[in-house]
Structures are given as structure tokens and as C-alpha cells.
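# Analysis of the macromolecular model
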Amino acid sequence: MKILVVDDEPIIRTGIATSIEWNALGFEPPQLAANGRAALEQIAQAAPDIVLTDIRMPVMDGLELARQIRATWPDIRVIILTGYDDFSYAQQAIAHRVSAFVLKPFGAESLIETVGKLADEIRKERAVREEALVRSRLMAENLPLIRAGCFDHLIAGEGAEPGGRSALETLRQVGVALDGPCYQVFLLAIDGYLDTVGNLPPASRETLMDSLRALMEEAIGHHANGYLVRRDMGLFLCILNRHAGEMPVEDLCRYLQTLASTHLHLSISVGIGAETGSLSGIPTSYAEALEALGSRFFRGGRSILAIREARGGGRQEGRIGFMQAVAEEKELLQAIREMDRARISGILASLFDQLAANRLSDGGVRTLALRMLMAAVRELEKQGVAIEGHLELQKDPFREIGRLETAMAIRDWLGTVLGSLVDIMEKEKTDTYKSVVKLAIVFIQSHFSEDLPLARVAEHVHVTPAYFSRIFKEETGVNFLEWLNRQRIEQARSLLADPARKTYEVAEMVGFHDYKHFSSNFRRYVGCTLSEYRERIRKPS
């Protein structure tokens, strides 16, 4: 930190600069000025944190200096040096929000105490600003992920009514209101994504995808009440909050196709699920949208595919087989999370045997395989693994699966793709959680002396306690309580170096409000008792 001393008497300026060990207080050597005007020139160049000034000076006095500092540099603290006969002037300084007064004659101790208090205030304010900045940046960076995560809960049937309001409450906090009365899901897919957009340089690809999202969001917001989130591999998911009299969804999708083609030269296809009268129907509408989009293989690109048309004439026994197969999705995702290749192969073999026994249609088999792939991709996103640029597919999976002629060929293709996703999970170490853990550590270090249960810290960084506990251990290698106790003991070791501090005071300062608990933890981590430690640092070997 920096301090500027302003006084027209050289002996006082020099005395203040040399009689105090400023570096021990965390300050650079003081800058000196003989009057207010000279001080203003130095402030403009050097930006001190604290200005220590006399009142009575030639050229520009301390009161005018304080006024101009407050007007131009409001964060700078001003300390006024005043004598008894200057007290009427000192009262005027209050109007200029002077931070402190030091009465002449003064000793070094009183000046050190005053400057130290202001320095502590400055440090705390900076820590609060930094924490707010980190939190704001974290929220801005993670807003799309938060929305996407809540949508994942809705389409998976988690957080939908009745009794599951948490996902909706989070969505409201990020500007999404799904208040009914009806809902409908559709999926937009860029035709030939990996052969076109996917081959662009990363920066160009992101710019194009952001432009498409912005274009779609503006159009949907103007003609309907809906919300869009981006998926990997050129997919966008939209949940519409439907009201009577709105533009029919097929017309809206045709308009989106025209915008994408006209403005960005992109061909898109759309799969549309059926409208539902409750939030609990959103998972079905999503499954229908995905099923409808799967029939793009037969209709070609730039298609609008409503579920009622896509199904036309499907066999009932095949439909039953499809629903049975969907029930095995959770087991497959668990095997992917555990990176169990043998179990993945076994699940796929059993699944496709069921499909064959139930004579599911070719389109149904393709749709099911795509659903499994999309669910696996979402699972990797939840784990913090980036798919873009890593997925070892050279062709659009929609097009690739469409050219396969048998169910066994589709099974083998899906097994290969899921195997490549497991490869990515094994090779790529994610850093998705680092910003959350960093913000938590900043908060902990600013609140050492307080009770810090895991739930409080998790609430501060806007995640659940269970989720925070898991990612904290992944990032630090130890559980939360172990890390917290170690940090508190390390802080205590530093504080114990001051012989004036009592051990029970140190315990309170680092957050141990039970002295016996503090003593036992200190011995555990340091390897000796508190008294032995103090003796050791008093008489180093």
C-alpha cells in the first residue's frame, strides 16, 4: 500500500517518514509533499491509498486538499493532523468526509494505530470487491450451464410438478418463467453439422453458434413464450410456454428455418413433440421431439417433423418395446459414469435383443440409439467433460446412423461411439469446478473466525452441500473439514509467533470456539502441544 505525507515543515515530514517502520505495516516508503498543490500532483501520478496532511499550509491548505481528494479520488483515505487551536478547522474537515484526525503533538504509536485501522478497512473493502467480482464473473460464465442443467432436470422428469419446484425456482432466478398453462418441446438440429460448422476453427465455430442462438432466441421471444438452450453437435433444445392464440409451432419453426438460411446460410431441421398440459409431461414431449427428429433420415435435411406425422403407422408392439428400452437408460448412464466398458456392452446386447423380440421399427431403433447417445453426451456435460472438438466422429451422427441397414450394425456403431466417450472421460481432466472451489476458498479465508459448516459455504457459492463436498475433494484431494482444519492450524501457527497473543485468543481468531478441540487438532497437525510449539519458536534449535 502507499501513503503520502503532506506538511510544510520539513522536519515533521521527515520525522513521520523515518520514525515508523512502514514496511512492517504493509506500506511502501512514504511519499512527501510540502503543500496541497504539490500533493495533488503526486496523487495523480502515484495514487496513494492514504494521505496524511496538516491543515495549515501555504499555497493550498489541508482542508482544500481534502475537498479535492474527495471530489476526484473518493476511495483515498485522508488523515488530518491538527492542533488544539486548529480544532475549528478540523470541524470543517468533517464535511469533506475526512477519515480520521490525529491531535498534535502526537507519538508514533497513535499514528501507527490510526493508519493501521484505515489500512485494515481498505484491505477488507478490496477483499469484498474482489469476492463480488469473482461471484459476478462466475454467475455470468455459468448462466447458460445453469439454465441447461435445470432443463436437464425437467426433461428427465426431475423437478417437475407435483412437489418438485426447485428446478423451476432456479429457472426463475435466471429469467425463465414456465407458468403454463401448456408446454411443448422442440429440437433444432443443424443439418450436416460436423461436415460444415464442426470443421470451422474453434473461434469461428463459436461465433457462428452464438449468432444462431441469438437469432433464434430473438425470433422465439417475439412470436412465442419460449426458452432455448444449446446442446453439443449442433443441437438446440427449446421449451415453449404455450398460450391460446400464439403462432402455431410448425409456423414458428418454418420461420426459424428461413432466418437461419437467410442470415447464416445454415440448413436446420426441427423435431416437435406434442403439447402437454403439465410440467410432468415435458419429458414425454422431449422424447417425442427426439423421436420426430430421428425421422430426418427418411425425410432429408431442412425438415419440420412433428411427432404425429413421424409415427404414422408404427406398430403397437414396437412402441411397447421402445418404452421398455428407455427404462434401461439410467443403467447405461451409470455404467458410463463408472467407465465400465464390459457393462456398457452387456447392456447394449440385452437392449437390442429386447428390441428384436418386440419387432421395433427401423425408425424406432434409430431414435432409441440417438436418445441413448444424447443422454450420454448430457452425462459427460454434467461431469464437466467437453465434447466439442474431441468427439471422434467424422460424420454427423444423425446421418451416420441413417445409413446403417441393420439393428446389429446400429448396436455396434452405438457401442463404438459410447466407447469413444469413455476414452475422453479417461483422458481429459476437467477444470469445470475450479472457479466454484476458488470462490469458496476466498470466502473461507475471509471468515476464518466464524463457524463455517459445509452447508454455509455451499450456499455461498450457490451449489448443494453434497455437490460441493464432492467437487471440493476432487479439486483439493481432501475432504472439506480436513482442509479447513489444516488451514486454521496453519493460520494459528502464524499468529502464535506473536508472544503477546494468548493461545485461547488465537483459537477464537481462527475459528476454534472449543479450546480443547483446538488443542487436539493443533497436536494432530503440528505434532506437538501448543506450549511445546511456543517454546520451540522462542528458542529455535
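Reference entry: report on the structure contained in this document. (Residues numbered from 1 in each chain as written. Predicted model: local features only at pLDDT ≥ 70, side-chain atom pairs only at ≥ 80, totals over all residues. Heavy atoms only, no water.)

Another aspect to go through is the overall build of the chain. When helices and strands are counted, the chain shows 24 helices and ten strands. A buried classification covers 48% of the 541 residues belonging to the chain. Taking the intrachain contacts of the chain between residues at least 6 apart in sequence as the baseline, contacts between residues at least 24 apart amount to 69%. A total accessible area of about 26,600 Å² is found for the chain, and carbon and sulfur atoms account for 51% of it. (Helix = DSSP H or I, 4+ residues; strand = E, 2+ residues; numbered from the N terminus. Buried < 20%, exposed > 50% of the residue type's maximum accessible area, 1.4 Å probe, protein only. Contact = heavy atoms within 4.5 Å. Areas by Shrake-Rupley, 256 points an atom, 1.4 Å probe, with all protein chains shown as cover.)

Our focus in this paragraph is the pairing of strand 4 (residues 77–82). Buried residues dominate strand 4, accounting for six of its six residues. Side-chain alternation along strand 4 places Arg77, Ile79 and Leu81 on one buried face and Val78, Ile80 and Thr82 on a second face that is also buried. Alignment of strand 3 (residues 50–54) against strand 4, held across five bridges, turns out to be parallel. The residue of strand 4 that forms the bridge with Leu52 is Ile79. Handedness of the strand 3-helix 3 (residues 62–72)-strand 4 crossover: right-handed. For strand 4 and strand 5 (residues 100–103), the ladder comprises four bridges, and the chain directions are parallel. (Pairing = 2+ DSSP bridges. Right-handed = clockwise from strand over helix to strand, strands pointing away.)

As a rule of thumb, nonpolar side chains are buried together in soluble globular proteins. Grouped together as the largest cluster of nonpolar side chains are 87 residues, with contacts concentrated most on Phe186 and Met216. Among the elements that take part in this core, helix 15 (residues 362–382) stands out by supplying eleven residues, more than any other. With sequence-adjacent residues up to four places away left out, Met216 is seen in contact with Leu188, Leu228, Leu256, Leu259, Ala260 and Ile268. Among the nonpolar cores identified, the runner-up in size contains 20 residues, and Ile444, Phe448, Phe480 and Trp483 belong to it. (Core = buried A, V, L, I, M, F, W, Y, C linked by side-chain atoms within 4.5 Å.)

Now for helix 14 (residues 341–357). Compared with an ideal rise of 1.5 Å per residue, which puts 17 residues at 24 Å, helix 14 spans 25 Å between its outermost C-alpha atoms and is within 8% of the ideal. Every buried residue of helix 14 is accounted for by Ile344, Ile347, Leu348, Leu351, Phe352 and Leu355. End-on, the buried residues of helix 14 take up no more than an arc of 125 degrees, which puts them together on one face. Projecting away from the buried face of helix 14 at angles above 90 degrees are the exposed residues Ala342, Asp353, Ala356 and Ala357. (Expected span 1.5 Å × (residues − 1). Arc of directions from axis to C-beta.)

Applying the stated criterion across every chain yields a total of two cavities of 30 Å³ or more. Computed from the structure, the largest cavity encloses a volume of approximately 90 Å³. For the lining of the largest cavity, the secondary-structure elements that each account for two or more residues are helix 9 (282–294) and helix 15. Looking at which element gives the most residues to the lining of the largest cavity, the answer is helix 15, with four residues. Partitioned by chemical class, the residues of the lining of the largest cavity number six nonpolar, no polar and four charged. Taken as a whole, the second largest cavity holds about 30 Å³ of empty space. Considering the residues around the second largest cavity, the lining is formed by Leu188, Ala189, Ile190, Leu212, Met216, Gly234, Phe236 and Ile268. For the lining of the second largest cavity, the elements supplying multiple residues, two or more each, are strand 6 (182–190) and helix 7 (202–223). The dominant element in the lining of the second largest cavity, judged by the number of residues it contributes, is strand 6, at three residues. Along the lines of polarity and charge, the residues of the lining of the second largest cavity split into seven nonpolar, one polar and no charged. (1 Å grid on protein atoms, 1.4 Å probe; cavity = no way out; pocket = protein on both sides within 12 Å on 5 of 7 lines; lining within 4 Å. Points joined across faces, edges and corners; volume = space filled by probe spheres on them. Nonpolar A, V, L, I, M, F, W, Y, C, P; charged D, E, K, R; others polar.)

What follows deals with the packing of aromatic side chains. Per the stated rule, a full pass over the model turns up nine aromatic pairs. Relative to Phe472, the ring of Phe468 lies with its centre 5.4 Å away and its plane at 50 degrees, an arrangement referred to as tilted. Highlighted residues: Phe468 and Phe472, both in helix 20 (residues 465–476), separated by four residues, approximately one helical turn. The exposure class assigned to Phe468 is buried, which follows from its relative accessible area of 0%. The exposure class of Phe472 is buried, given its relative accessible area of 0%. Every member of this aromatic cluster is reached through a ring pair, and the members are Phe512, Tyr515, Phe518, Phe522 and Tyr533. (Phe/Tyr/Trp six-rings, centres within 6.5 Å; stacked < 30°, edge-to-face > 60°.)

A few words now on the sheet that holds strand 2 (residues 31–33). If you trace the five strands from one edge of the open sheet to the other, you get 2-1-3-4-5, paired in parallel fashion. The open sheet has two edge strands, strand 2 and strand 5, and neither has a second partner. Strand-to-strand twist of the sheet, defined as the mean angle between neighbouring strand axes without regard to direction, takes the value 20 degrees. Two strands pair when backbone bridges link them, and strand 1 (residues 3–6) and strand 3 are joined in this way by four bridges, in the parallel orientation. When the sheet's bridge partners are listed, Val6 is paired in strand 3 with Thr53. Here helix 1 (residues 10–19) sits on the sheet and contacts strand 1, strand 2, strand 3 and strand 4; the angle it forms with strand 2, its principal contact strand, is near 170 degrees. Contacting strand 1, strand 2 and strand 3, helix 2 (residues 36–46) runs over the sheet at an angle of about 150 degrees to strand 2. (Axes fitted to C-alpha atoms, helices over the stretch in contact; angles between N-to-C directions.)

We now examine unusual backbone geometry. One non-glycine residue, Ala47, adopts positive backbone phi at about 50 degrees. Non-glycine residue His265 carries a positive phi angle of around 55 degrees. Along the chain, the position of His265 falls in the loop between helix 8 (249–264) and strand 9 (268–272).

Further remarks concern helix 7. Count 3.6 residues to each turn of an α-helix, and residues three or four apart come out pointing the same way. With 22 residues, helix 7 should reach 32 Å at 1.5 Å per residue; the first-to-last C-alpha distance of 32 Å fits that figure. For helix 7, the set of buried residues is Arg205, Leu208, Met209, Leu212, Leu215, Met216, Ala219 and Ile220. Burial along helix 7 is one-sided: seen end-on, the buried residues are contained in an arc of 125 degrees. Exposed positions of helix 7 whose direction lies more than 90 degrees from the buried face are Pro202, Ala203, Thr207, Glu218, Gly221 and His222. In this structure, the buried side of helix 7 is in contact with strand 6, strand 7 (226–230), strand 8 (235–242), helix 8 and strand 9.

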